[in-house]
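For reference, the chains in residue letters:
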Amino acid sequence: MSLVTAKLTEEQIRELKAPAQRERLFRTISYFSPILLLLLWEVASQLNVIDRRFFPPPSAIAGTFWQMITSFEIFDHIGATLRRVSVGYVMGAIPGILLGLVLGLSQPARRVLGPIFAALYPVPKIAILPLILLIFGVGDASKFVVIAIGVFFLLLYNTMGGVMQTPQIYLDVAKNAGATRLQTFFRIALPSALPNIFTGLRLAAGSSYIIIAAAEFLGARSGVGFFIWASWQTFAVSRMFVGIVVISALGYFTILALELIERKLVPWAKH
Amino acid sequence: MSETAIEVRNLTKAFYDADSDRTTIAAYEVEFEVKRGEFVCIVGPSGCGKTTVLRILAGLESKLGGSIDMKSDNPPAMVFQEASVLPWLTVRENVGFPLSLKGVSAAKRRARVDELLELTGLADFADALPHRLSGGMKQRVSVARALVDDREILLMDEPFGALDEQTRLVLQQELLRIWETTGKTVVFITHSVDEALTLADRVLVMSPRPGTIIADLAVPFDRPRDVVEMRRDKRFWDLTYEVWRLLASTSPERHA
Ligand SMILES: Nc1ncnc2c1ncn2[C@@H]1O[C@H](COP(=O)(O)OP(=O)(O)OP(=O)(O)O)[C@@H](O)[C@H]1O
Ligand SMILES: [Mg+2]
């Protein structure tokens, strides 16, 4: 019985680490790839390939943006939008996830409640916005509610789908280990559905910003959506673009943050 | 020693598939007994209902007819045939899972889990997630998890089926050692006649589907057994022949 001391050559170690390093590089590049689009736009606009009245060059937009930053004007709008999105998001996501777990695990609950949600889901959230404004007024409450409704459905369906895909063997393991219903709920169904829940969270983040923009067009005195609408009314095209860029960036960074959290929380799933 | 731990009478189980309107009889009038502290192996062809019988004993499946009687203070622990480690828990958390459900304190749990990781040779991978383990290591995690809360009855469904010969031999020896020191009652399913004779006090042979018990053979080797040395014994090969003859005589080709 002799034990071999195993040792890798430097070259082998380099080869072993290469895929991970490439992956890191691509991840870094992926953060910056939207910048390429901006560059193209700048050149096209400067060369008058596209109409400057409708598409001012990014540098001009950046100038306007800078003014708005130094005057702190933009931050009030960003703050208002972020507040509405985050409160509405949480208000919709938590019940969506919890109900998704219940419907995913319990067939009777699915039978009884499923058709109700299936009937409500296709209603466009923006179509009911006037109704919500009527009920909750033009204040923040109406924005919270309309976002919460949109987020709720996305999380309900993604969580439910995730739970229903839970391999039977995990449920058997839990049962044999003596898990109560509540323990099965939180320690098997929830982690097993986590990858799907994150898909839902990302989709919901995207749709939240669509909904908030529309909601702020209609009934608000602040927020990035309101700001875009007000710029349109005064034909301030550069300011309009600042608004569009800002709200896109908010969506982009929200989804990026969610992906980072997912990588931390769901290390067992492939990304 | 002659006290009965498991008594199965006339156990019948069928599955019905409404879409194709087909009924499958998975086990038919299965009858056997297992004494307390006994190690019993069930062998039989694929699809004859071995897993089904074990799942019914574990309370994971309902029965259609007959009775089962389990005389033990706690429910049986099961090692599943397919991969059953939870991918979101580390090796340590997987093994300690039954304890954590019962609210055993973290310190106590850790001590017990460490003991089992040592026993199953997983200590170096205690904090790894399962996707980093080999198939054999995952199977060892499942075995360790079934042992962790020290139940009286252990149900094992081809736990070493997916392993290579050498690892399997090591784990068989390990299992025998654990069984000898703990005095658990074990029902162990296997495809392998060789494995059954290596481990069991008694081997139950099942017929092809619909499966029923067609023979109950005592395995005469002394304990503690040496899984390598016992292969020099002529009785080992006589018994091997006997089981093979039983399996072959009921093969569906013969009857058709
Ligand atoms: N949940 C189920 N629904 C329908 N049929 C099933 C189900 N579980 C098992 N069966 C059927 O019952 C029969 C016995 O299955 P079982 O899994 O018990 O066989 P087995 O003896 O364990 O086979 P193997 O050695 O291949 O694991 C098979 O024909 C199988 O198709
Ligand atoms: Mg089986």
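Treat the numbers as computed from the prediction; the structure is a model and nothing was measured. (Residues numbered from 1 in each chain as written. Chains lettered and ligands numbered in written order. Predicted model: local features only at pLDDT ≥ 70, side-chain atom pairs only at ≥ 80, totals over all residues. Heavy atoms only, no water.)

> Looking at this structure, I do not really get the domain arrangement of chain A. What am I missing?
Many authors give the size of an interface as the accessible area that is lost as the parts come together. Residues and elements named next belong to chain A. Partitioning chain A into structural domains gives domain 1 (11-49) and domain 2 (69-265). Placing the centre of domain 1 and that of domain 2 at their C-alpha centroids yields a distance of 30 Å. With both sides pooled, the region where domain 1 packs onto domain 2 buries about 400 Å², and carbon together with sulfur makes up 63% of that total. Contact with domain 2 buries area across many residues of domain 1, yet Arg27, Tyr31 and Trp41 alone supply 85% of it, more than any other trio. At the boundary of domain 1 with domain 2, the tally comes to 0 salt bridges. Taken together, domain 1 and domain 2 are joined by 0 residue pairs in polar contact (both at pLDDT 80 or more). Tallied by class, residues from the side of domain 1 that touches domain 2 come to 3 nonpolar, 1 polar and 1 charged. (Domains from an automatic or database assignment. Buried area = accessible area lost by both parts, 1.4 Å probe. Salt bridge = Lys/Arg side-chain N within 4 Å of Asp/Glu carboxyl O. Polar contact = N/O pair within 3.5 Å; in protein donor to acceptor, adjacent residues only side chain to side chain. Nonpolar A, V, L, I, M, F, W, Y, C, P; charged D, E, K, R; others polar.)

> Sorry if this is basic, but what is going on with a nonpolar patch on the surface here?
All names here are of chain A. Together, Tyr31, Phe32, Ile35, Leu39, Tyr252, Phe253 and Leu260 give the surface a local cluster of nonpolar side chains, amounting to about 680 Å² of exposed area. The set of elements that each furnish at least two residues to the nonpolar patch consists of helix 1 (10-46) and helix 10 (237-265). By residue number, the principal contributor to the nonpolar patch is helix 1, which donates 4 residues. Within the fold, Ile35 resides in helix 1. (Patch = residues over 30% accessible without salt bridge, like charges linked within 9 Å, V, L, I, M, F, W, Y side chains within 5 Å. Areas by Shrake-Rupley, 256 points an atom, 1.4 Å probe, with all protein chains shown as cover. Helix = DSSP H or I, 4+ residues; strand = E, 2+ residues; numbered from the N terminus.)

> I tried to follow the coordination of the magnesium ion (ligand 2) on my own but got confused; where do I start?
Geometry sets the ideal angles at a metal, namely 109.5 degrees for four tetrahedral donors and 90 or 180 degrees for six octahedral donors. Residues and elements named next belong to chain B. Around the magnesium ion (ligand 2), the donor atoms from the protein are Thr51 (OG1) and Gln81 (OE1), and they sit 1.9 to 2.2 Å away. A residue pair is termed long-range when its members are at least 10 positions apart, and Thr51 in helix 1 (residues 50-57) and Gln81 in the loop between strand 5 (77-79) and helix 2 (91-101) qualify at 30 residues. Taking relative accessible area as the criterion, Gln81 reaches 35% and is therefore assigned partly exposed. (Donors = N, O, S within 2.8 Å, 3.2 Å for Na, K, Ca; no water. Buried < 20%, exposed > 50% of the residue type's maximum accessible area, 1.4 Å probe, protein only.)

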